[in-house]
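Structural overview for review
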Amino acid sequence: MRNKHHDTLVGHKSMPQDLVAQSEFGTFFGISQETFDLVWSNLTAKDGNSAIYVSMEIGADLDVFNPLKNHLVHNEITESDDPGLSSIIKKVLHGPQKIPNYGGGLGILAGDTLKSFSACKIPTAAISLLYSKGYFSQLVDSKVGQISWATEWSPEDTPSLFLLQTPKHPAKPLIIEIPFFDPGKKATMAYAQVSMKLEVNENLDFFVPEFLLDFSLPESPESVRNASNQLYDSSSDQMKAIQRRMLGAGVMPLLNVLGLTANTIHLNEQHGVVSVLHLIVDHLQQKFGVSYKEKIKDADILKAAEEVSQKVVYTIHTPVKAGHDRFDKSLYAGLSDKVCRQVLGLLAADKENPSLYNFTQFAMQVNRAVNSVSRLHRDVTKKQFPQYSNKITAITNGVHHLTWISDAKAEVFDSFPELKGWQENPAIFVNAESLQTNKKFRTYLEQAWKHDTELLIQYVNDMLIMHRHQIEETWIDPPNFLSHLHEEDIPLTPDVFTIGFARRFSTYKRADLIFDDLKILTSIITELDHPVNFLFAGKAHPADEPGQSLIKIILDVQEELYERSKGMAKLVFIPNYDMAIAKMMVSGVHAWLNSPKRPLEASGTSGMKAAMNGVPNISILDGWWMEGFHDGLTGWKFGIDTPVDMAPLSEDPAELLYEQDSASFYEMFPQVLKTFYDPKLRPQYLDKCINNIFLNIPIFNTHRMIAEYCRNYALDLPTSVAKRIKQFQKLYKSEV
Ligand SMILES: *Cc1c(COP(=O)(O)O)cnc(C)c1O
């Protein structure tokens, strides 16, 4: 691939054996022994000067970012004299490139964050769970809608995932034990083996270990084993509570067995807050000795909580109810012991319902810093939790630029000296302002964009034709109306204005908003004589019925949209959304659509991925777009933007404001089409693209975001690292 700095590795690091590292926990491939030792010594140092990032999900598929594979390809390393090494190289080059441990934005953010930690050499490790059946795979049938089934994947075949070994017993997997409570029974033990993914950086000279706990071992209680299958299995509250316990209760035992010393635990959403519960209980035990259970009073618990809080930072991700765990106290009676319940009783009280524990309340109390994920979301969060108003700050999300910028665009950026160093420092893109009038830059950019659009449209056309063949061969009714047309009528063309929309299908995201009035929408298209491709993708949680009906609505409007527009509007649903599809879409479309009910989209990150590729957003003024819109320089806004103080947080279907916000879209949309299609206005379209590059890339990247996180971590970083991350933050502070 393109990357220049691989050249720096040529010569001294191109031998595969230089990429092998050993430790008492196993043998790893992807970094040198020196790098491994450096990272490990940081993470086990007595001073505890590192952070642990705890997340239910991590999205870091290898097919969208894989510096190790790039390195092997670039150096033409395909095998080794050592047969063991040869097979590992083959695995990196040809093995499965997906790690399906994510459901949506939260997981992708985690992955992007860890990649930036790695790039910037911030000593961190992550803890998550390994789900033997991933999240779920999505099949879409035009009559039934979404069909979900278990994802087949084999962690042991996945490159860059290594099963840790027991020191001195290399043949035995490292096992951690966690006291568990089999509902209704006495305390039992649950057991997990640990896989480590090495999140290596571009230069292969640093990595962030991601520890994935796998509780599916036969020795674990059945309830725990069942809960280890699927991310966000919500078949019962108990299942959900067990998953949260697996994550939270797993943190300290893992750190202990590995000797990790981090003084800071970062909760990526409150899902992992059980870790803090156990820190508090441990603290009490240390202070009051074996019979602590009899001795402690409420005041002791509050004091312990206060001390433990100094170790915790917390990122809250959504104002939406489903994102906040609340568990029935009676359920917890079967899941934890008396002291745990005493702690929760004091710190996790639910304001509305005294029979529940509220884990967001808990997380809000036990931290030294809490941040929301955009400025607008900060204001909403303060409104939701007025009692913590003083400590809630904003750190606006970002995305990992090296993951999301397409190869074609990267090549363009590589060829202009003004942007030199953009891989290491995305703040460099402020210099793109000087390229606004550079003819060569404009031409190259337009060509790269066209190339990305062609790739996307080709993918869609191939899919539609393949589905057409399936009609004849299987019982599956393919998702798209277009597949039913004559083969020659099916294809989309890349010069047609193409809008993308892809994200989880939840009701507040209103995927169907712009189809609210097909008559108006199609008359805009036919009257202007400007055709449009609408490309949609996304999964609905298998238990979210209303979310699934949204997918069905998208399928159901296809035919009418096509007929009414006389074939000028084509709406296609792409099944089984994942990171690779996301990357293809955000870089290939002409505009990226987001139509949530304001202010429920706390940040949104797919729009940032589009911006990374210069693609303008058309969006409700919600989440990050409040900060990225720049008075229209970078895209378009629509919809009601009442002040947050007055904005209703209701998710009630009747209060989702469809009529008002869709009307606003129809009013704005002709302008977009004219700018795109009118040759006289078309340069303005490219202007918006370049505006995104110099106004939004420098801000909405995870390098800048983690530089702001580091403020909360208060790590004592080496001068060179501290200096470097300061650059990313120079241009922007989320908190104003
Ligand atoms: C970026 C991404 C998301 C999140 O999209 P939002 O617009 O933030 O909701 C979800 N799924 C995948 C696969 C993504 O890449």
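**What to know about the site of the ligand**
The immediate surroundings of the ligand are formed by 14 residues, with Arg 503, Lys 509, Thr 605, Ser 606 and Lys 609 found nearest. Between the ligand and Lys 509, the relevant distance is 2.8 Å, taken from an oxygen atom to a side-chain nitrogen or oxygen of the residue. Between an oxygen atom of the ligand and a main-chain N or O atom of Thr 605, the distance comes to 2.7 Å. Protein contacts shield 95% of the accessible area of the ligand, which totals 380 Å² for the unbound molecule. When the residues that make up the shell around the ligand are grouped by side-chain class, the tally is 5 nonpolar, 5 polar and 4 charged. In this structure, the shell around the ligand is formed jointly by two domains, domain 1 (3-394) and domain 2 (401-699), each of which donates at least three residues.

**Description of the packing of helix 23 (residues 658-677) against helix 24 (residues 682-696)**
Think of two packed helices as two axes; the pair is described by the angle between the axes and how far apart they sit. For the pair helix 23 and helix 24, interaxial distance at closest approach is 5 Å and the crossing angle is 105°. In this view, helix 23 runs roughly perpendicular relative to helix 24, as classed from their interaxial angle. Counted together, Val 672, Thr 675 and Phe 676 of helix 23 and Arg 682, Gln 684 and Tyr 685 of helix 24 form the full contact between these two elements. Of the residues in the contact of helix 23 with helix 24, the class split is 3 nonpolar, 2 polar and 1 charged.

**A look at the packing of helix 16 (residues 407-414) against helix 17 (residues 439-473)**
Across the interface, helix 16 lies against helix 17 with an axial gap of 8 Å and an inter-helix angle of 165°. Here helix 16 lies roughly antiparallel to helix 17, going by the angle between them. As helix 16 runs across helix 17, the sense of the crossing is right-handed. Counted together, Ala 408, Lys 409, Val 412 and Phe 413 of helix 16 and Phe 441, Tyr 444, Leu 445, Ala 448, Trp 449, His 451 and Asp 452 of helix 17 form the full contact between these two elements. Looking at the contact of helix 16 with helix 17 residue by residue, the class counts come to 8 nonpolar, 1 polar and 2 charged.

**Quick look at the state of the cysteines**
Any covalent bond linking the sulfur atoms of two cysteines counts as a disulfide. If you walk through the whole model with that rule in mind, you get 0 disulfides. No disulfide involves Cys 120; its nearest neighbouring cysteine sulfur is the one of Cys 710, lying 8.1 Å away. The class of Cys 120 is buried, set by a relative accessible area of 3%.

**Some remarks on the side chain of Ser 595**
Following the sequence through the fold, Ser 595 ends up in the loop between strand 22 (591-594) and helix 21 (606-612). Judged by relative accessible area, Ser 595 falls into the buried class, the value being 1%. The contact partners of Ser 595, leaving out residues within four places of it in the chain, are Phe 501, Lys 509, Arg 510, Leu 513, Ile 620 and Phe 638.

**Concerning the packing of aromatic side chains**
Aromatic rings in a pair are described by how distant their centres are and how their planes are angled relative to each other. Counted under the stated rule, the structure contains 41 aromatic pairs. Plain terms: the ring middles of Tyr 53 and Phe 117 are 6.4 Å apart, the flat faces sit at 75° to each other, and that makes the pair edge-to-face. One end of the pair, Tyr 53, is in strand 3 (residues 51-54); the other, Phe 117, is in helix 5 (residues 105-120), and 64 residues separate them in sequence. Overall, the relative accessible area of 1% leaves Tyr 53 in the buried class. By relative accessible area, which is 0% here, Phe 117 ends up buried. Feature note: the residues Trp 449, Phe 497, Trp 636, Phe 638, Phe 665, Tyr 666, Phe 669, Phe 676, Tyr 677 and Tyr 685 constitute an aromatic cluster, connected by ring pairs. Over the aromatic face of Trp 404 sits the side chain of Lys 609, whose NZ or CZ is 4.2 Å from the ring centroid. Above the ring of Phe 676, the side-chain terminus of Arg 682 is found at 4.1 Å from the ring centroid.

**A closer look at the nonpolar core**
Formed by 109 residues in total, the largest nonpolar core has its most connected members in Phe 515, Phe 534, Phe 536 and Phe 669. The element contributing the most residues to this core is helix 17, with 9 residues. Look past the residues within four positions of Phe 515 in its chain and what remains in contact with it is Leu 521, Phe 534, Phe 536, Ile 554, Val 557, Leu 561, Leu 571 and Tyr 666. Within the second largest apolar cluster, 101 residues are counted, among which are Leu 129, Ile 316, Tyr 332 and Val 366.

**What about the pairing of strand 3?**
Judged by which residues are buried, strand 3 turns out to be covered on both faces: Ala 51 and Tyr 53 on one side and Ile 52 and Val 54 on the other are all buried. Judged from the 4 bridges that link them, strand 3 and strand 4 (residues 124-129) form a sheet pairing that is parallel. When the sheet's bridge partners are listed, Val 54 is paired in strand 4 with Ile 127. Alignment of strand 3 against strand 13 (residues 264-268), held across 4 bridges, turns out to be parallel. Counterpart to Ile 52 in the pairing with strand 13 is Ile 265.

**Observations concerning the pairing of strand 2 (residues 26-29)**
In the sheet, strand 1 (residues 20-23) pairs with strand 2 via 4 bridges, with the strands oriented antiparallel. Residue pairing for strand 2: Gln 22 is matched across the bridge by Thr 27. Where strand 1 hands over to strand 2, the hairpin turn is made up of 2 residues, counted between the paired strands.

**Points about unusual backbone geometry**
Each neighbour pair has its own omega, and for Arg 598 with Pro 599 the value is 0°, a cis peptide bond. Relative to the helices and strands, Pro 599 is located in the loop between strand 22 and helix 21. The backbone of Lys 566 sits at a positive phi, close to 55°, despite the residue not being glycine. One can find Lys 566 in the loop between helix 19 (545-564) and strand 21 (569-574). We classify Lys 566 as exposed; its relative accessible area is 69%. Even without a glycine there, the phi angle at His 630 is positive, about 45°.

**What to know about the domain arrangement of the chain**
With domains assigned, the chain is organised as domain 1 (3-394) and domain 2 (401-699). Here the C-alpha centroids of domain 1 and domain 2 sit 32 Å apart. If you look at the interface, domain 1 gives 48 residues, while domain 2 gives 49 residues. Summing both partners gives a buried area of about 3900 Å² for domain 1 against domain 2, and 58% of it is carried by carbon and sulfur. Counting across the domain 1 and domain 2 interface gives 3 salt bridges. Here Arg 375 and Glu 627 are joined by a salt bridge, their closest N and O atoms 3.9 Å apart. Linking domain 1 with domain 2 are 19 residue pairs in polar contact (both at pLDDT 80 or more), by the criterion used here. If you list the elements that add at least two residues to the side of domain 1 that touches domain 2, you get helix 5, strand 5 (137-141), strand 6 (145-149) and helix 14 (375-384). No other element matches the 7 residues that helix 14 contributes to the side of domain 1 that touches domain 2. Here the residues of the side of domain 1 that touches domain 2 are counted per class, giving 17 nonpolar, 18 polar and 13 charged.

**Description of the environment of Ser 87**
Along the polypeptide, Ser 87 turns up in helix 4 (residues 83-94). Here Ser 87 falls in the partly exposed class, since its relative accessible area comes to 47%. Within the structure, the side chain of Ser 87 is placed 3.2 Å from the backbone oxygen of Gly 84, a separation counted as a polar contact.

**Remarks on the sheet that holds strand 20 (residues 532-537)**
Judged by pairing direction, the sheet is parallel, and its 6 strands sit side by side in the order 21-20-19-22-23-24 without closing on themselves. The open sheet has two free edges, formed respectively by strand 21 and strand 24 (635-638), since each of these has just one partner strand. In this sheet, adjacent strand axes meet at a mean angle of 20° when their direction is disregarded. The sheet contact formed by strand 19 (residues 497-502) and strand 20 spans 6 bridges and is parallel. By the bridge assignment for strand 20, Phe 497 is matched with Val 532.

Definitions and limits used
- Residues numbered from 1 in each chain as written.
- Predicted model: local features only at pLDDT ≥ 70, side-chain atom pairs only at ≥ 80, totals over all residues.
- Heavy atoms only, no water.
- Near = heavy atom within 4 Å.
- Polar contact = N/O pair within 3.5 Å; in protein donor to acceptor, adjacent residues only side chain to side chain.
- Areas by Shrake-Rupley, 256 points an atom, 1.4 Å probe, with all protein chains shown as cover.
- Nonpolar A, V, L, I, M, F, W, Y, C, P; charged D, E, K, R; others polar.
- Domains from an automatic or database assignment.
- Axes fitted to C-alpha atoms, helices over the stretch in contact; angles between N-to-C directions.
- Helix = DSSP H or I, 4+ residues; strand = E, 2+ residues; numbered from the N terminus.
- Parallel < 35°, antiparallel > 145°, perpendicular 65-115°, else oblique.
- Contact = heavy atoms within 4.5 Å.
- Left-handed = near helix turned anticlockwise from the far one by under 90°.
- Disulfide = S-S within 2.5 Å.
- Buried < 20%, exposed > 50% of the residue type's maximum accessible area, 1.4 Å probe, protein only.
- Phe/Tyr/Trp six-rings, centres within 6.5 Å; stacked < 30°, edge-to-face > 60°.
- Lys NZ or Arg CZ within 6 Å of the ring centre and 35° of its normal.
- Core = buried A, V, L, I, M, F, W, Y, C linked by side-chain atoms within 4.5 Å.
- Pairing = 2+ DSSP bridges.
- Buried area = accessible area lost by both parts, 1.4 Å probe.
- Salt bridge = Lys/Arg side-chain N within 4 Å of Asp/Glu carboxyl O.

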